Amino acid sequence: MVTPVPKILWIELTSKCPFKCIFCTREVRWGAGRNLDFDVYRSLIRQLDEPEFIGLNYSGESIHYPRLMEAIRLACATGAYTELVTALSSAPARLVQQIVESDLDRLAVSIHTLDEKQYQDIYGFGSLRALKARIDDVVRLKIRLKKTTPKLDFCFVAMSQNLDQLLPASRYAIEVGAAEIFIHPIIGRHPVPYDFSRELESNKLTTEFKNSLGQAVAETRIACPRLPITVLNSDLDIHPVLSEIPHYYAPSLPTGGRIHTCDQSPFESVHVLANGDVVVCEVHDEIALGNLHSDGIREIWHSNSYRQFRQRYVTGANSACRDCVWKIAYRPEPWKSRIRAREGFSPQLTRGWWSEPGAVAIWSKKRSVAELRVNSPAQRLRISGILPHDPATHSNELVISANGNVISSIANPTWRFLQFDRTFPLRRSAGDRLVLNFATSHAFRPSAHSNSADCRDLGFALERLELR
């Protein structure tokens, strides 16, 4: 189920940064830092095949990468959804203008307080005044240029000392038209010269901090009901239960449990560090599975080291994955010959799907994979769902393959979403599993065609899939 090359990439353009954020491990680990060799970056981009997402940041401040605009242009030219996360206040006004004029999809600004003194205490560099000035530049330029991109949103690292700033930051987000605020509870993956014992115990959130953060989030949502607020840590769930439906599960994976995927799946995503190291994810960023100075991304991606990691990953044999709070896990049950969206997300949706708890349909990406159990010599496949149109050409097509052979397609030649319910004949399948591949000729991004904040690239919405 591995993609031919990574579809989702976080690329660290630089591990240099003038900020001294109290929660950041960058300086402890990388010291002065370094810039990613631009020839290595350019070669990496050329090796990709229809990537879905490229994030141009990691531990450093990408604003200070010497060839940032060239890097942005190359990433955007791939067609991937491209984003930049930045503290922004140290950016020159001219650079901000170039960023807004580019095709960058998302500009995520790290903003952890609206108190000037606390800003200095947390960031150790820059100023709140400069940050607001740069955000004003972004808003003004988007209006003048009549652009909807880059989408502006805020990233808020939550600590005990700044929880009272979540509401002011959210109100400020509304004031400047930020689309969303993402809350990152403090993590303790590596040591930092600051005491976070109120928030963390053995690198997990304390119950006291969970309760305080939960209360702050609830109060902010009441005060700002129209602002999407997302907490990017499932460890806030006080009583998590592992079920047959894959979902975020923060505790250690119990015996018999399986990992379906995670926020940085080793089956489709990768991290590239400024020294050229290719690592699986943020949790495993100390273990390089290859280096782009000596090998190509495809060679690294399909290496024995990566293959062995994936095998250990799904069973939780790797302790860091087993204990990771960002894993999506489930309790395995015998596979079925049907998938029904109303019954919840299925582990048989093996790659390329967007999981939304409680959704009446499960959206795919442009390419996706599902598997069904073959209980008898099935002759027909039934599939029902929704296929978007392409806003540019007003046509779209969903191609369906079974065990590597195209069995049929569904066309949408209209100017609107097409509801479909079709049944197709099948060849007799050898073995007890049927592997189905789905590919749409176009992806639909709601935020590009409406006032929606949904920036996902959608293939089709699956309602029912079954052998008959």
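Residues numbered from 1 in each chain as written. Predicted model: local features only at pLDDT ≥ 70, side-chain atom pairs only at ≥ 80, totals over all residues. Heavy atoms only, no water.

Observations regarding the overall build of the protein
And then number 1: Looking only at helices and strands, one finds twelve helices and 24 strands in the protein.
And then number 2: Taking 2.2 N^0.38 as the reference for a compact globule, 468 residues should give roughly 23 Å; the C-alpha atoms of the protein span a radius of gyration of 23 Å, in line with that estimate.
And then number 3: Dimensions of the protein, computed from C-alpha atoms along their principal axes, come out at roughly 70 × 50 × 50 Å.
And then number 4: Within the protein, buried positions represent 52% of all 468 residues. (Helix = DSSP H or I, 4+ residues; strand = E, 2+ residues; numbered from the N terminus. Rg over C-alpha atoms; globule rule 2.2 N^0.38 Å. Buried < 20%, exposed > 50% of the residue type's maximum accessible area, 1.4 Å probe, protein only.)

Some details on the pattern of salt bridges
And then number 1: Summed over the entire model, instances satisfying the criterion amount to 30 salt bridges.
And then number 2: The closest approach of N and O atoms between Asp39 and Arg42, which form a salt bridge, is 2.6 Å. Of this pair, Asp39 and Arg42 both sit in helix α2 (residues 38–47), separated by three residues, roughly a single helical turn.
And then number 3: Of the charged contacts, one joins Arg433 and Glu371 as a salt bridge, the two residues approaching to 3.5 Å between their closest N and O atoms. Of this pair, Arg433 sits in strand β23 (residues 433–440) while Glu371 sits in strand β18 (residues 362–373); the two residues are 62 residues apart in sequence, bridging distant segments of the chain.
And then number 4: For Glu371, a relative accessible area of 8% gives the class buried. (Salt bridge = Lys/Arg side-chain N within 4 Å of Asp/Glu carboxyl O.)

Concerning the packing of aromatic side chains
And then number 1: Using the criterion set out here, one finds 16 aromatic pairs in the structure.
And then number 2: Judged by centre distance (4.8 Å) and plane angle (50°), the rings of Tyr194 and Phe196 are tilted.
And then number 3: You can call Tyr194 partly exposed: its relative accessible area is 37%.
And then number 4: Exposure remark for Phe196: the relative accessible area of 8% places this residue in the buried category.
And then number 5: Ring geometry for Trp363 against Phe417: centres 6.2 Å apart, planes inclined by 70°, an arrangement best described as edge-to-face. (Phe/Tyr/Trp six-rings, centres within 6.5 Å; stacked < 30°, edge-to-face > 60°.)

Quick notes on the layout of surface pockets
And then number 1: Computed from the structure, the second largest pocket encloses a volume of approximately 640 Å³.
And then number 2: Along its surface, the second largest pocket is lined by 27 residues, and Lys142, Thr148, Thr149, Lys151 and Ser447 are the ones closest to its centre.
And then number 3: Those elements that place two or more of their residues in the lining of the second largest pocket are α6 (128–145), β5 (151–158) and α12 (446–449).
And then number 4: Per element, the largest residue contribution to the lining of the second largest pocket is four residues, and it comes from α6.
And then number 5: Residue composition of the lining of the second largest pocket, by class: 13 nonpolar, nine polar and five charged. (1 Å grid on protein atoms, 1.4 Å probe; cavity = no way out; pocket = protein on both sides within 12 Å on 5 of 7 lines; lining within 4 Å. Points joined across faces, edges and corners; volume = space filled by probe spheres on them. Nonpolar A, V, L, I, M, F, W, Y, C, P; charged D, E, K, R; others polar.)

Thoughts on the environment of Cys321
And then number 1: Within the fold, Cys321 resides in helix α11 (residues 319–323).
And then number 2: Owing to a relative accessible area of 7%, Cys321 belongs among the buried residues under this scheme.
And then number 3: When the C-alpha positions of Cys321 and Asp115 are compared, they lie 37 Å apart, and in sequence the two are 206 residues distant.
And then number 4: When residues no more than four places from it in sequence are discounted, the contact partners of Cys321 are Ile259, His284, Phe309, Tyr313 and Lys327. (Contact = heavy atoms within 4.5 Å.)

Section: the nonpolar core
And then number 1: The biggest cluster of nonpolar side chains holds 93 residues, and the ones touching the most others in it are Ile11, Tyr41, Ile99 and Phe154.
And then number 2: Ranked by the residues each element gives to this core, the list is headed by helix α3 (residues 68–77), at six residues.
And then number 3: Among residues more than four places away in sequence, those in contact with Phe154 are Val109, Ile111, Ile135, Ala169, Tyr172, Ala173, Val176, Ala178, Glu180, Ile181 and Phe182. (Core = buried A, V, L, I, M, F, W, Y, C linked by side-chain atoms within 4.5 Å.)

Some remarks on the sheet that holds strand β3 (residues 81–86)
And then number 1: Spatially, the ten strands line up as an open sheet ordered β9-β6-β5-β4-β3-β2-β1-β12-β13-β14, and their pairing is mixed. Edge positions in the sheet fall to β9 (229–231) and β14 (290–291), since each of these pairs with one other strand and no more.
And then number 2: Strand direction decides the pairing type here: β3 and strand β4 (residues 106–110), joined by four bridges, are parallel. Note on β4: the bridge partner recorded for Val85 is Ala108.
And then number 3: Across the sheet, α6 is in contact with β4 and β5; its angle to β5 comes to roughly 155°. (Pairing = 2+ DSSP bridges. Axes fitted to C-alpha atoms, helices over the stretch in contact; angles between N-to-C directions.)

Description of the side chain of Ser110
And then number 1: Here Ser110 shows up in strand β4.
And then number 2: Overall, the relative accessible area of 15% leaves Ser110 in the buried class.
And then number 3: Not counting chain neighbours up to four residues away, the residues in contact with Ser110 comprise Val85, Thr86, Ala87, Tyr123 and Cys155.

What about the side chain of Arg445?
And then number 1: Within the secondary structure, Arg445 is located in the loop between β23 and α12.
And then number 2: A polar contact of 3.1 Å, which involves the side chain of Arg445, links it to the side chain of Asp105.
And then number 3: If sequence neighbours within four positions are ignored, Arg445 has contacts with Gly79, Tyr81, Asp105, Asp454, Cys455, Arg456 and Asp457. (Polar contact = N/O pair within 3.5 Å; in protein donor to acceptor, adjacent residues only side chain to side chain.)

With respect to the environment of Arg380
And then number 1: Along the chain, Arg380 turns up in strand β19 (residues 380–387).
And then number 2: Each C-alpha atom of the pair Arg380 and His394 lies 30 Å from the other, and the pair is 14 residues apart in sequence.
And then number 3: Ignoring any residue separated from it by four or fewer positions in sequence, one finds Arg380 in contact with Thr423, Phe424, Pro425, Leu426, Glu466, Leu467 and Arg468.

Regarding the packing of α3 against helix α4 (residues 93–101)
And then number 1: Taken N-terminus to C-terminus, the directions of α3 and α4 make an angle of 10°; their axes are 11 Å apart at the nearest point. For the element pair α3 / α4, the angle class is roughly parallel. For the pair α3 and α4, contact is made by Leu68, Met69 and Ile72 and by Leu95, Gln98 and Ile99, respectively.
And then number 2: Broken down by class, the residue content of the contact of α3 with α4 amounts to five nonpolar, one polar and no charged. (Parallel < 35°, antiparallel > 145°, perpendicular 65-115°, else oblique.)

Section: the sheet that holds strand β11 (residues 258–262)
And then number 1: Strand order in the open sheet formed by three strands is β10-β15-β11, and the pairing between neighbours is antiparallel. Edge positions in the sheet fall to β10 (247–248) and β11, since each of these pairs with one other strand and no more.
And then number 2: Two elements, β10 and strand β15 (residues 327–330), share two bridges in a ladder whose sense is antiparallel. By the bridge assignment for β15, His247 is matched with Ala329.

Notes on the packing of α4 against α6
And then number 1: Running from amino to carboxyl end, α4 crosses α6 at an angle of 40°, the nearest separation of the two axes being 10 Å. It follows from the interaxial angle that α4 and α6 lie oblique. Taken as a pair, α4 and α6 cross one another with a handedness that is right-handed. Only Arg134, Asp137, Val138, Leu141, Lys142, Arg144 and Leu145 of α6 make contact with α4, whose side of the interface consists of Ala93, Val96, Gln97, Val100 and Glu101.
And then number 2: A class-by-class count of the residues in the contact of α4 with α6 yields six nonpolar, one polar and five charged. (Left-handed = near helix turned anticlockwise from the far one by under 90°.)

All we've got here are geometric facts, nothing functional implied.
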